[in-house]
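# Overview (structure and organization)
Chain by chain, the residues:
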Amino acid sequence: MKKISALITSVCILFFPFTLKAETSDDFILPGEGDFNFKIKREKNGVDIFLEPKEGSAYFYIQRGNQKSNSGNFYGAISDYNKALAINPRESEAYYNRGLAKKRAKDYRGAISDYTKAIDINPDYGDALTNLGNTLNQIGKYKEAIMYLDKAIEINSNNYIAHYNRGISNTSLENWYESIFDYTNVIKIKPSFFQAYTNRGIIKKNLGDLKGACLDWEKGAYFNDSIAIRYFKESC
């Protein structure tokens, strides 16, 4: 069986803004739970009083942690999520968001632990299942990743991020036709997700279907994917 020698990008769920870049593996993580809005009353002496959520509550620390993580202060965010969990150790949202912050700080095993705890509390936590699968991909545990991604897709069949990450798992395991199936599902759900065209084209070429590969790269090029453009120019 032929080896796939190409850039295959993994996807995971991020804090806003949601960016798409084929060159990296951290661009597609699912977003943090909870909005970033505080209702604040400013006193005449300049002191801010938090009206909602209540200052010192678990949700207050989750929201503040989200703000810190969104601005790149991952360790400050983790500290706030720790405070939320000290108040409510069963707060799955805090584990999930702490997992996101740890992943973005490249602490993959810490992220896996937190996503797993969130799922233990809420077994149908689709975002945590998806991000856990992505993170397992990044440390090479592809079979284990598929198990969690299967569950995420079972919960929400339109979760194109889970389909895409499972495609990465199957590609890494050389399950070529399964990965084509996954990328095809991504395209059905979200036709503008150009990475799926590019990766499916790479696999098709390596399986001897150059015509099909060129059609996929042409579609990726339509969305200005630099990798698809390069493959199309070189091979089609």
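Residues numbered from 1 in each chain as written. Predicted model: local features only at pLDDT ≥ 70, side-chain atom pairs only at ≥ 80, totals over all residues. Heavy atoms only, no water.

## So, the overall build of the protein chain
A tally of regular secondary structure across the protein chain gives eleven helices and two strands. Put simply, the protein chain runs from its N terminus to its C terminus through helices and strands in the order β-β-α-α-α-α-α-α-α-α-α-α-α. The buried share of the protein chain, reckoned over its 236 residues, is 49%. Taking all contacts inside the protein chain whose residues are at least 6 apart in sequence as the whole, residues at least 24 apart take part in 51%. Of the roughly 11,300 Å² of accessible surface on the protein chain, a fraction of 51% belongs to carbon and sulfur atoms. (Helix = DSSP H or I, 4+ residues; strand = E, 2+ residues; numbered from the N terminus. Buried < 20%, exposed > 50% of the residue type's maximum accessible area, 1.4 Å probe, protein only. Contact = heavy atoms within 4.5 Å. Areas by Shrake-Rupley, 256 points an atom, 1.4 Å probe, with all protein chains shown as cover.)

## Thoughts on the environment of glutamine 195
By secondary structure assignment, the location of glutamine 195 is in helix 9 (residues 194-206). Along the chain, glutamine 195 and glycine 220 lie 25 residues apart, while their C-alpha atoms are 7.1 Å from each other.

## Some points on the packing of aromatic side chains
Counted by the stated rule, this structure contains nine aromatic pairs. A centroid spacing of 6.0 Å and a plane angle of 45° characterise the contact between tyrosine 96 and tyrosine 115, whose relative ring orientation is tilted. A residue pair is termed long-range when its members are at least 10 positions apart, and tyrosine 96 in helix 3 (residues 92-104) and tyrosine 115 in helix 4 (residues 108-121) qualify at 19 residues. With respect to burial, tyrosine 96 and tyrosine 115 carry one shared label: buried. Through a chain of ring-to-ring contacts, three or more aromatic side chains come together here, namely Tyr160, Tyr164, Tyr183 and Phe193. Here the basic side chain of lysine 219 rests over the ring of tyrosine 222, its NZ or CZ set 5.4 Å away from the ring centre. (Phe/Tyr/Trp six-rings, centres within 6.5 Å; stacked < 30°, edge-to-face > 60°. Lys NZ or Arg CZ within 6 Å of the ring centre and 35° of its normal.)

## Points about the packing of helix 7 (residues 160-172) against helix 8 (residues 176-189)
At their nearest, the axes of helix 7 and helix 8 sit 8 Å apart, and the two run at 160° to each other. As far as their axial angle goes, helix 8 and helix 7 are roughly antiparallel. Crossing of helix 7 over helix 8 shows left-handed handedness. Two secondary-structure elements touch here, helix 7 through Tyr160, His163, Tyr164, Arg166, Gly167, Ile168, Asn170 and Thr171 and helix 8 through Trp176, Glu178, Ser179, Phe181, Asp182, Tyr183, Asn185, Val186 and Ile189. For the contact of helix 7 with helix 8, the residue count by class is eight nonpolar, six polar and three charged. (Axes fitted to C-alpha atoms, helices over the stretch in contact; angles between N-to-C directions. Parallel < 35°, antiparallel > 145°, perpendicular 65-115°, else oblique. Left-handed = near helix turned anticlockwise from the far one by under 90°. Nonpolar A, V, L, I, M, F, W, Y, C, P; charged D, E, K, R; others polar.)

## Quick word on the pattern of salt bridges
Overall, the coordinates contain ten salt bridges when judged by the stated rule. When the shortest N-O distance is used, the salt bridge between arginine 64 and aspartate 80 registers 2.8 Å. Taken together, the residues span a long stretch of sequence, with arginine 64 in helix 1 (residues 58-70) and aspartate 80 in helix 2 (residues 74-87) at a distance of 16 residues. For arginine 64, a relative accessible area of 24% puts it in the partly exposed group. For aspartate 216, the salt bridge goes to lysine 204, with nearest N and O atoms at 3.2 Å. Taken as a pair, aspartate 216 in helix 10 (residues 210-222) and lysine 204 in helix 9 lie far apart in primary sequence, twelve residues in all. An identical accessibility class is assigned to aspartate 216 and lysine 204; each is buried. When salt bridges with common partners are traced through the structure, they connect Arg64, Lys68 and Asp80 into a single cluster. (Salt bridge = Lys/Arg side-chain N within 4 Å of Asp/Glu carboxyl O.)

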